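Coordinates in review
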Amino acid sequence: MAENPILLVTRLLPPDIEARAARDYQAILNPDDVQYDGPALVERSAGADAILTCSTERFDAEVIAALPESVKALATFSVGYEHIDVEAAKARGLVVTNTPDVLSNATADLAMLLLLGAARRAHESAAMLRENRWGRWVATELLGTEVTGKRLGILGMGRIGRAVAQRARGFDMEIHYCNRSRLPQELEAGATYHEDAEEMLPGIDFLSINCPATPETRHFLNAERIALLPDGAIVINTARGTIVDDDALIPALQSGKLAAAGLDVFEGEPDIDPRYLEIENALLVPHIGSATLETRNAMGFRALDNLDAYFAGQEPGDRVA
Ligand code: DGY
């Protein structure tokens, strides 16, 4: 009987995923969760038939070119795959897969948590209480922004964007969206389509960023586009930090042009722009959009399903290269 393929798992993953990987592959695990990048990542891949990576490892053209010949497939434990040079992978014949669908609900839940939390100043309120600064109930204190009836603009109406829209409708929000193409009516579900973001931004109270990070969306939210938002608008980002220009968002929060922001992702994370930490009207969480046990397990199983299909000689369901 042929031996199970050798699978390098780059990071520590939840136990059920590692157990399945160890059952079906000769799995090289990383129990101490050491970060391997560049040449160290290449060195660690020696002898592997496939790699199960996270979005924290960069597979740029250089790393892909240096990978041992034995590595045939790269499954990422993420829906986003901007950390992988897909063109370089294609050129080398490296099969690449991601994990769409399974994290849409968890990520949309977090977008709503940030939306509501930023609107209602949840972190400022919690900090006041924990730091023993709550003197007494004050009618004029910690006043936030009402969500009911407000206009939510969603940038990127894919699976996650639509899950955000579905939840926001439960709060009686009016949904607008900007997407590369208009959705069919049943997916649009009454939302207003805007071909151009510039047309959408002046008419919304909340902006939720849910598009992929691409060269086209890099620094989408810049000073010019923030200026188009109404004063007091609120920005939520659960997609990727690179979509926001921090040098534009931070001053807009400091000046009060924007009432608040709820951010799960940051350019250069985990080394975020330190100015964010000084801003009271920014609700910040550390890239936890998919962080439920159910979702993380589903992501791992989906990544393994893709690898299983590849090694069974089938087309993996979520192939992106
Ligand atoms: C994703 O799946 O892209 C999440 O952001 C985790 O990286």
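Every chain is numbered on its own, with residues counted from 1 as its sequence reads. At least 70 in pLDDT is required for a residue's local features to be given in this predicted model, at least 80 for side-chain atom pairs to be given and counted, and no such filter applies to totals for whole chains, interfaces and linings, which use all residues. Hydrogens and water molecules were not included; the side-chain quantities draw on all heavy atoms of the structure.

Structural notes on the overall build of the protein chain
Heads up, the condition is: To qualify as a helix, a DSSP run of H or I must reach at least 4 residues; to qualify as a strand, a run of E must reach at least 2; elements of each kind are numbered from the N terminus. Each radius of gyration is computed over the set of C-alpha atoms, and the globule rule expresses the reference value as 2.2 Å times the number of residues to the power 0.38. Under the scheme applied here, a residue whose accessible area is under 20% of the maximum for its type counts as buried, over 50% as exposed, and between as partly exposed, the area being computed with a 1.4 Å probe on protein chains only. Any pair of residues with heavy atoms lying within 4.5 Å of one another is described as a contacting pair. For the accessible areas, the method is Shrake-Rupley and the probe is 1.4 Å, while residue cover comes only from the protein chains on display. Think of it this way: Lys and Arg go in the positive column, Asp and Glu in the negative one, and His and the chain ends go nowhere. To locate a charge, take atom NZ for lysine, CZ for arginine, CG for aspartate or CD for glutamate.
Scanning the protein chain from N- to C-terminus turns up 12 helices and 12 strands. Here the protein chain has a C-alpha radius of gyration of 21 Å; the compact-globule value for 321 residues is 20 Å, and the two agree. A principal-axis box enclosing the C-alpha atoms of the protein chain has dimensions of 75 × 50 × 30 Å. Scored against the burial criterion, the 321 residues of the protein chain give a buried share of 49%. Counting only contacts in the protein chain whose residues sit at least 6 apart along the sequence, the fraction spanning at least 24 positions is 60%. Element-wise, carbon and sulfur atoms account for 52% of the exposed surface of the protein chain, whose accessible area totals about 15400 Å². Once the 29 positive and 49 negative side-chain charges of the protein chain are each reduced to a mean point, those two points are 4 Å apart.

Some thoughts on the sheet that holds strand β7 (residues 174-178)
Short version of the rule: Think of it this way: DSSP has to see at least two bridges between two strands before they count as a pair. Between N-to-C directions, angles cover 0 to 180 degrees, with each direction set by a line fitted to C-alpha atoms, over the stretch in contact for helices.
An order of β8-β7-β6-β9-β10-β11-β12 is seen for the 7 strands of this open sheet, with the pairing classed as parallel. Single-partner strands in this sheet number two, and they are β8 (192-194) and β12 (282-284). The average angle at which neighbouring strand axes cross in this sheet is 15 degrees, direction not considered. As defined by bridge partners, strand β6 (residues 151-155) adjoins strand β9 (residues 206-209) across 4 bridges and the pair is classed as parallel. Each residue of the ladder has a partner; that of Ile154, found in β9, is Ser208.

Regarding the side chain of Ser104
When you line up the elements, Ser104 lands in helix α5 (residues 104-119). Beyond its immediate sequence surroundings of up to four residues, Ser104 is in contact with Arg159, Ile160 and Ala163.

Remarks on the site of the ligand
The line we're drawing: If even one non-hydrogen atom of a residue comes within 4 Å of a molecule or strand, that residue is called near it. Polar contacts, as counted here, are pairs of nitrogen or oxygen atoms within 3.5 Å of one another; within protein the pair requires one atom able to donate a hydrogen and one able to accept it, and residues that are adjacent in sequence qualify only if both atoms are side-chain atoms. Residues are grouped as follows: Ala, Val, Leu, Ile, Met, Phe, Trp, Tyr, Cys and Pro are nonpolar; Asp, Glu, Lys and Arg are charged; every other residue, Gly included, is polar.
Residues in contact with the ligand, as listed here, are Ser55, Ser78, Val79, Gly80, Leu103, Arg240, His287 and Met299. Between the ligand and the protein, one listed contact pairs an oxygen atom with a backbone N or O atom of Val79 at 2.7 Å. Between the ligand and Gly80 there is a distance of 3.0 Å, counted from an oxygen atom to a backbone nitrogen or oxygen. When the free accessible area of the ligand is taken as 230 Å², the share hidden by the protein chains comes to 87%. The class makeup of the residues in the shell around the ligand is 3 nonpolar, 4 polar and 1 charged.

A look at the packing of aromatic side chains
Filter applied, for reference: Each aromatic pair joins two rings of Phe, Tyr and Trp (for Trp, the six-membered one) with centres within 6.5 Å, and gets the label stacked for planes under 30 degrees apart, edge-to-face for over 60, and tilted for any other angle.
One pass over the full model with this rule turns up 4 aromatic pairs. Here Tyr25 and Phe311 contribute two aromatic rings whose centre-to-centre distance is 5.9 Å and whose plane-to-plane angle is 65 degrees, an arrangement assigned as edge-to-face. Of the two residues, Tyr25 is situated in the loop between α1 (15-24) and β2 (26-28) and Phe311 in helix α12 (residues 293-311); the sequence distance between them amounts to 286 residues. The class for Tyr25 is buried, based on a relative accessible area of 5%. Overall, Phe311 belongs to the partly exposed group, its relative accessible area being 33%. The interplanar angle of 80 degrees and the centroid separation of 5.0 Å between the aromatic rings of Tyr310 and Phe311 together place this pair among those described as edge-to-face. Tyr310 sits in the partly exposed class, given a relative accessible area of 24%. Among the aromatic residues, those joined into a ring-pair cluster are Tyr25, Tyr310 and Phe311.

Structural notes on the domain arrangement of the protein chain
For clarity, the cut-off: As annotated, the domain borders come from an automatic or database domain assignment. Here the buried area means the combined drop in accessible surface, using a 1.4 Å probe, for two parts upon being joined, counting both sides. Any Lys or Arg side-chain nitrogen found within 4 Å of a carboxyl oxygen on Asp or Glu counts as a salt bridge.
Under the domain assignment used here, the protein chain contains domain 1 (6-102 + 293-311) and domain 2 (104-284). One C-alpha centre belongs to domain 1, the other to domain 2; they are set 31 Å apart. Taken residue by residue, the interface counts 7 residues in domain 1 and 5 residues in domain 2. Summed over both sides, the interface of domain 1 with domain 2 buries roughly 510 Å², with 44% coming from carbon and sulfur. Of all residues in domain 1, Glu82, Asp101 and Thr295 bury the most surface against domain 2, accounting for 66% of the area lost on that side. Remark: the boundary between domain 1 and domain 2 carries 2 salt bridges. Taken together, the links from domain 1 to domain 2 amount to 3 residue pairs in polar contact (both at pLDDT 80 or more). Of the residues contributing to the side of domain 1 that touches domain 2, the split by class is 2 nonpolar, 3 polar and 2 charged.

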